[in-house]
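# Structural description and commentary
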Amino acid sequence: MQRKIISFFTFLLVLALSIGFVGCKETRESTSIVRTEKQENLFAIYFEEAGEGEKLIDVMKSLKKKGELTYVLENGMLMEMNGKANAADFSACWMLYTTDEELSNSAWGTVEYDGKTLGSAMFGANDMPVATGETYVWVYQIY
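Rules used throughout
- Residues numbered from 1 in each chain as written.
- Predicted model: local features only at pLDDT ≥ 70, side-chain atom pairs only at ≥ 80, totals over all residues.
- Heavy atoms only, no water.
- Pairing = 2+ DSSP bridges.
- Helix = DSSP H or I, 4+ residues; strand = E, 2+ residues; numbered from the N terminus.
- Contact = heavy atoms within 4.5 Å.
- Axes fitted to C-alpha atoms, helices over the stretch in contact; angles between N-to-C directions.
- pLDDT = per-residue confidence, 0-100.
- Buried < 20%, exposed > 50% of the residue type's maximum accessible area, 1.4 Å probe, protein only.
- Lys, Arg positive; Asp, Glu negative; His and termini not counted.
- Salt bridge = Lys/Arg side-chain N within 4 Å of Asp/Glu carboxyl O.

Attention now goes to the sheet that holds strand β3 (residues 71–74). In spatial order, the strands read β3-β4-β5; together these three strands make up an open sheet with antiparallel pairing. The open sheet has two free edges, formed respectively by β3 and β5 (84–85), since each of these has just one partner strand. In the sheet, strand β4 (residues 77–81) pairs with β5 via two bridges, with the strands oriented antiparallel. Following the sheet pairing, Glu80 is matched in β5 by Ala85. Sitting on the sheet, helix α2 (residues 56–65) is in contact with β3 and β4, with an inclination near 140 degrees to β3.

All right, on to the confidence of the model for the protein then. Averaged over all residues, the pLDDT of the protein equals 86, while 80% of them reach at least 70. For residues 4–27, every residue scores under 50 in pLDDT, and the model assigns this stretch four contacts once sequence neighbours within four places are set aside.

For the rest of this paragraph, the subject is the side chain of Asp100. Inspection of the secondary structure assignment puts Asp100 in the loop between β6 (92–98) and β7 (104–113). The side chain of Asp100 sits in the buried core without any salt bridge; Lys55 is the nearest counter-charge, 11 Å away. Beyond its immediate chain neighbours, meaning those up to four positions away, Asp100 contacts Ala131, Glu134 and Tyr136.

For Lys38, the position within the fold is in strand β1 (residues 33–39). Along the sequence, Lys38 and Trp138 sit 100 residues apart, while their C-alpha atoms lie 9.7 Å from each other. Lys38 has contacts with Phe43 and Asn82, leaving out every residue within four places of it along the chain.

Time to look at the pattern of salt bridges. For the structure shown, the criterion picks out two salt bridges. Here Arg35 and Glu48 are joined by a salt bridge, their closest N and O atoms 3.2 Å apart. Taken together, the residues span a long stretch of sequence, with Arg35 in strand β1 and Glu48 in strand β2 (residues 42–49) at a distance of 13 residues. Note on Arg35: relative accessible area 49%, which makes it partly exposed. In this structure, Glu40 engages Lys84 in a salt bridge whose closest nitrogen and oxygen atoms are separated by 3.5 Å. With Glu40 in the loop between β1 and β2 and Lys84 in strand β5, this residue pair connects regions lying 44 residues apart in the sequence. Owing to a relative accessible area of 65%, Glu40 belongs among the exposed residues under this scheme. On the basis of relative accessible area, Lys84 is assigned to the partly exposed category, the value being 21%.

Below, the structure written as structure tokens:
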């Protein structure tokens, strides 16, 4: 009987590990080829070649791992980037803009970057799909 109990719990442990309930969460490595620009109140990512099915956060994680970017996300919201944090009352915060016209809304706001007008992104970094030839710019804005 004891052997059956041990076998049962071993089976459960193996099952849990195989479907991700226990252990390390697998992280996706970015396959995108990007160029970046870092300024005091701006961080731009230009996609020379976007990885298939990648989101902006995938590339941000890769840049963070390489030491090219630091950031803090809380509940899906960017709270700090490269040492500059949002104001406690959000009178100043990081906002995302993109050249991707299908995934931006100019009525929500625009910024000028590299001779182009970028619209406010419709999604945050966790959900923003990326595309080859598009630029995604984080801007620290004071309201």
